[in-house]
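Survey of secondary and tertiary structure
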Amino acid sequence: MSLFSSLGALELGFIYSLVALGVFISFRVLRFPDLTVDGTFATGGAVAALLISGGHDPFVSSLAAMLACGLAGMITGWLNVKLGIMDLLASILMMTALYSINLRIMDGPNIPLITSDTVFTLTQPGSIDDFVWRPALLCVIVIVVKILVDAYFSTRSGLAMRATGSNLRMARAQGVGTGRMVLIGMALSNALVGLGGALFAQSQGGADISMGIGTIVIGLAAVIVGESILPARRFLLITLAVIIGAILYRFFIALALNSDFIGLKAQDLNLITALLVAIALILPKLRRKRRNRGGA
Amino acid sequence: MLNAQDLFITFNPGTPIETRALRGLSLTIPDGQFVTVIGSNGAGKSTFLNAVSGELMVDSGTIQINNEDVTRKSVWQRAVNVARVFQDPMAGTCEDLTIEENMSLAYCRGTRRGLRPALRNPLRDLFRERLSILGLGLENRLTDRIGLLSGGQRQAVSLLMAALQPSKILLLDEHTAALDPRTAEFVLQLTEKIVASQKLTTMMVTHSMKQALEIGERTIMLHQGQVVLDVSGEQRRNMTVTNLLQMFEKVRGEQISDDALLLD
């Protein structure tokens, strides 16, 4: 793998770290299987691309993308909590709806951002190449987001959210408004995914209707890879593991696609991802089985 | 103070498996009183407790806690007044969270949970001090996951947690039933200690008639969703399990066939 493709993998790894943190909040903290992210990743890109191409500030546009996606996540939560629709189904409904909404936002299947200023071009010092600067800036963004997420989960509200996912009945008995916690958590999760989408569109030169496909599997892959490589109990370490998982995952993919002798092509990406997640899910079970057999 | 008036709850109404769990149950518990509740399986003990905590909404009747009508309020809205220890030791704590995190959750019961830190050193000192009462060495294990603790240890911590914030009523739902006899005895003594020291208004459901008479200051018996026996004071002090059984038979005019009631 060349330096160029390594930095490319790092760049995507940081972007998907944000997705992975979002997926971690819904799947692991709230235990809410949320497929909305397939929609909100593209929504984030679409909103950011629309605003940026309309001449708005890229930073403000990225924030607007986060807000839009947070709202979408909140609606998924609302469908589940207030209307009693099963969590998985509620998120599929929202994901489906977002496909149309994204087409409406972009007024077409894509918005290119080749010539527009982005958060990357605006901040890039003259002496650094763009393919170096983008992962560097993304690294800073991911670190800031991680610190903020960690900080939130150490507050009373954050702890209440963890309790909501861990033991709903207990959380209620302790006076936690669990419905509200789900709404906030889903908003937070999807806002992070939306930020990932907004930065993805800016780093890859535009937003596209298909950019969200498979987001949930990539996010899950990152979470699972991270957890198996760095099994930790402390929250600070778990979020770190999730980020490392996302980066490793992108490197793994880049390696697979760049190794000519395997014969994989870019279109095999989702297949590889699905296989990877399946393997990562089976491995711990196999290991446990073998250990049990050894112990008996 | 708890004031429940004329509570009705029917499960699966209008179906062949219709169950009339509460049938006009009324009960008033004054401040600071420790009431034990007995009754056979299906008498409505757990249903009544769940109605008070808000986990079940009553079909009709009113529930007042501290002179405030909470009949239509949800569990978490009532939590400011209601503390609870579940029968299942796993139910009352979050096993993925640490001991101190669980205690912090309970410490914030009934308060607004904002962006203040969930844990601070003064709070940890308070938790250590409370945990040391147990004599289980848990005060040195604040950052251990609570899932690592045994059922009895978790139940003891649940009790401490219930008493971290003042409550208007403490609900104990057969909280020793899932424990081995010695641990059950330990948790029971702890219960008496905490209830007495904080003068908590308490309602304890139990399967054991002996326990029901020995602990607390008033015993009520439920049958078919109603209070059929209510003894306290002198009458209760002189009472034995056999008396209790006889009274129950007299009141109901029928023989008790449920073994669970005869077990001490």
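Predicted model, so just to flag it, every value in this text is computed and none were measured.

Per the secondary structure count, chain B includes 10 helices and 10 strands. Computed over C-alpha atoms, the radius of gyration of chain B comes to 19 Å, within 12% of the 18 Å expected from 2.2 N^0.38 for 264 residues, which places it in the range of a compact globule. Principal-axis analysis of the C-alpha atoms gives chain B an extent of 60 × 40 × 35 Å. Evaluated residue by residue, chain B yields a buried proportion of 44% over its 264 residues. Pairs at least 24 apart in sequence give 68% of the contacts found in chain B among residues at least 6 apart.

We now examine the overall build of chain A. Helix and strand counts for chain A stand at 12 helices and two strands. Secondary structure elements of chain A, listed N to C terminal, follow the sequence α-α-α-α-β-α-α-α-α-α-β-α-α-α. Taken against the 2.2 N^0.38 rule, which gives 19 Å for 296 residues, the C-alpha radius of gyration of chain A at 19 Å falls within 12% of a compact globule. In terms of its C-alpha atoms, chain A occupies a principal-axis envelope of roughly 60 × 45 × 35 Å. Once local pairs closer than 6 in sequence are excluded, the contacts in chain A between residues at least 24 apart make up 77%.

Facing 25 residues of chain B, the contacting portion of chain A comprises 21 residues. Per-element tally for the side of chain B that touches chain A: the top contributor is helix α3 (residues 99-107) of chain B, with four residues. Residues of the side of chain B that touches chain A, tallied by class, amount to 13 nonpolar, five polar and seven charged.

Moving on, we get to the packing of helix α10 (residues 215-229) of chain A against helix α11 (residues 235-258) of chain A. Residue and element names in this part refer to chain A. Two numbers describe how α10 lies on α11: the axes approach to 7 Å, and their chain directions differ by 115°. In terms of orientation, α10 and α11 fall into the roughly perpendicular class. By crossing handedness, the relation of α10 to α11 is classed as right-handed. In contact with Ala221, Ala222, Val223, Val225, Gly226, Glu227 and Ile229 of α10, α11 contributes Ala241, Val242, Ile244, Gly245, Ala246, Leu248 and Tyr249. Taken together, the residues of the contact of α10 with α11 sort by class into 11 nonpolar, two polar and one charged.

For the rest of this paragraph, the subject is the environment of A:Ile253. Residue and element names in this part refer to chain A. Mapped onto the elements, isoleucine 253 comes out in helix α11. Its 23 C-beta neighbours within 10 Å are what place isoleucine 253 among the buried residues. In the structure, isoleucine 253 is positioned 16 residues away from leucine 269 in sequence and 7.3 Å away in space, judged by C-alpha atoms. Aside from chain neighbours lying at most four places away, what touches isoleucine 253 is Leu269 and Ile272.

As a further point, take the pairing of strand β7 (residues 169-173) of chain B. Remark: a regular strand shows side chains that alternate across the two faces of the sheet. Residues and elements named next belong to chain B. The buried count for β7 comes to five of five residues, which makes it a mostly enclosed element. Here β7 shows no split at all, with Ile169, Leu171 and Asp173 on one side and Leu170 and Leu172 on the other all buried. Taken together, the four bridges between strand β6 (residues 82-85) and β7 define a ladder with parallel strand orientation. Residue pairing for β7: alanine 83 is matched across the bridge by leucine 170. Note: β7 against strand β8 (residues 202-205), four bridges, orientation parallel. The residue of β8 that forms the bridge with leucine 172 is methionine 204. Chirality of the crossover, the property in question, places the unit of β7, helix α6 (residues 181-198) and β8 among those that are right-handed.

What follows concerns the nonpolar core. A:Ala20, A:Ala222 and A:Val242 are the most contacted members of the largest nonpolar core, which has 166 residues in total. Looking at which domains feed residues into this core, each of domain 1 (1-79) and domain 2 (87-168 + 192-197) of chain B gives three or more.

A separate point is helix α1 (residues 3-29) of chain A. Residues and elements named next belong to chain A. With 27 residues, α1 ought to run about 39 Å at 1.5 Å a step, and its terminal C-alpha atoms sit 36 Å apart, in line with that. Buried residues dominate α1, accounting for 20 of its 27 residues. Positive backbone phi, at 55°, marks arginine 31, one or two positions downstream of α1.

All right, on to the sheet that holds β7(B) then. Residues and elements named next belong to chain B. Ordered in space as β6-β7-β8-β3-β9-β10, the six strands form an open sheet in which the pairing is mixed. Either end of the sheet is taken by a strand with one partner, and the two such strands are β6 and β10 (226-232). Each strand axis lies, on average, 20° off the axis of its neighbour in the sheet, ignoring direction. Against the sheet, helix α1 (residues 45-53) makes contact with β3 (34-38), β6, β7, β8 and β9 (218-223), and its axis sits at roughly 145° relative to β7, the strand it touches most. Against the sheet, helix α5 (residues 151-162) makes contact with β6 and β7, and its axis sits at roughly 175° relative to β6, the strand it touches most.

Looking now at the packing of helix α2 (residues 36-53) of chain A against helix α3 (residues 58-81) of chain A. Residues and elements named next belong to chain A. Interaxial distance between α2 and α3 falls to 8 Å at its minimum, and their mutual angle equals 150°. Here α3 runs roughly antiparallel to α2, going by the angle between their axes. Of the two elements, α2 crosses α3, and the hand of that crossing is right-handed. Facing α2, whose interface residues are Thr36, Gly39, Thr40, Thr43, Gly44, Val47, Ala48, Leu51 and Ile52, α3 presents Pro58, Ser61, Ser62, Ala64, Ala65, Ala68, Cys69, Ala72, Gly73 and Thr76. Looking at the contact of α2 with α3, its residues break down into 10 nonpolar, nine polar and no charged.

With that settled, the discussion passes to the environment of B:Thr28. For B:Thr28, the location among the structural elements is in strand β2 (residues 19-29). Sequence-distant contacts of B:Thr28, defined by excluding residues within four places in its chain, comprise B:Leu2 and B:Asn3.

This next bit is on the domain arrangement of chain B. Residue and element names in this part refer to chain B. Here the domain parsing of chain B yields domain 1 (1-79) and domain 2 (87-168 + 192-197). Each of domain 1 and domain 2 was reduced to a C-alpha centroid, and the two centroids are 27 Å apart. With five residues of domain 1 in contact, the opposing surface of domain 2 contributes four residues. Its residues assigned to classes, the side of domain 1 that touches domain 2 comprises four nonpolar, one polar and no charged.

Turning our attention to the confidence of the model for chain B. Residues of chain B with pLDDT of at least 70 account for 95%, and the chain-wide mean is 90. Mean pLDDT across the secondary structure elements of chain B bottoms out at helix α10 (residues 259-262) of chain B, with 52, and peaks at α3(B), with 96.

This next bit is on unusual backbone geometry. All names here are of chain A. In this model, arginine 31 sits at a positive phi of 55°, which is unusual for a non-glycine residue. Among the structural elements, arginine 31 can be located in the loop between α1 and α2. Positive phi values are uncommon outside glycine, yet aspartate 107 reaches one of about 55°. Its location among the elements puts aspartate 107 in the loop between α4 (87-106) and β1 (110-112). Of the residues examined, aspartate 107 has 9 C-beta atoms within 10 Å and is grouped as exposed.

Conventions and cut-offs
- Position labels on residues start from 1 in each chain and follow its written sequence.
- Chain letters start at A and ligand numbers start at 1, both assigned in the order the entries are written.
- Only residues with pLDDT of at least 70 are given local features in this predicted model, and only at 80 or more are side-chain atom pairs given and counted; all residues enter the totals for whole chains, interfaces and linings.
- To qualify as a helix, a DSSP run of H or I must reach at least 4 residues; to qualify as a strand, a run of E must reach at least 2; elements of each kind are numbered from the N terminus.
- Throughout, radius of gyration means the C-alpha value; the globule benchmark is 2.2 Å times the number of residues raised to the power 0.38.
- Residues with at least 20 other C-beta atoms within 10 Å of their own are called buried, those with 12 or fewer are called exposed, and the rest are partly exposed. The C-beta atoms themselves are positioned from the backbone.
- Any two residues are considered in contact once their C-beta atoms, placed from the backbone, lie within 7 Å.
- When residue character is reported, Ala, Val, Leu, Ile, Met, Phe, Trp, Tyr, Cys and Pro are called nonpolar, Asp, Glu, Lys and Arg charged, and the others, Gly included, polar.
- Fitted lines through C-alpha atoms serve as axes, helices being fitted only where they are in contact, and the angles separating the N-to-C directions of these axes extend from 0 to 180 degrees.
- If an angle is under 35 degrees, it is roughly parallel; if it is over 145, roughly antiparallel; if it lies from 65 to 115, roughly perpendicular; otherwise it is oblique.
- For any helix crossing, the convention is left-handed if the near helix is rotated counterclockwise from the far helix by under a right angle, and right-handed if that rotation is clockwise.
- By the convention used here, strands pair only if DSSP detects at least 2 bridges between them.
- The handedness rule is simple: strands pointing away from the viewer, and a clockwise path from the first strand over the helix to the second, make the crossover right-handed.
- The term nonpolar core means buried Ala, Val, Leu, Ile, Met, Phe, Trp, Tyr and Cys residues held together as one set by C-beta atoms within 7 Å.
- Boundaries between domains were set according to an automatic or database domain assignment.
- Helices are assigned an expected span. That span is 1.5 Å times one less than the residue count.
- Scored between 0 and 100, pLDDT is the confidence that the predictor attaches to each residue.

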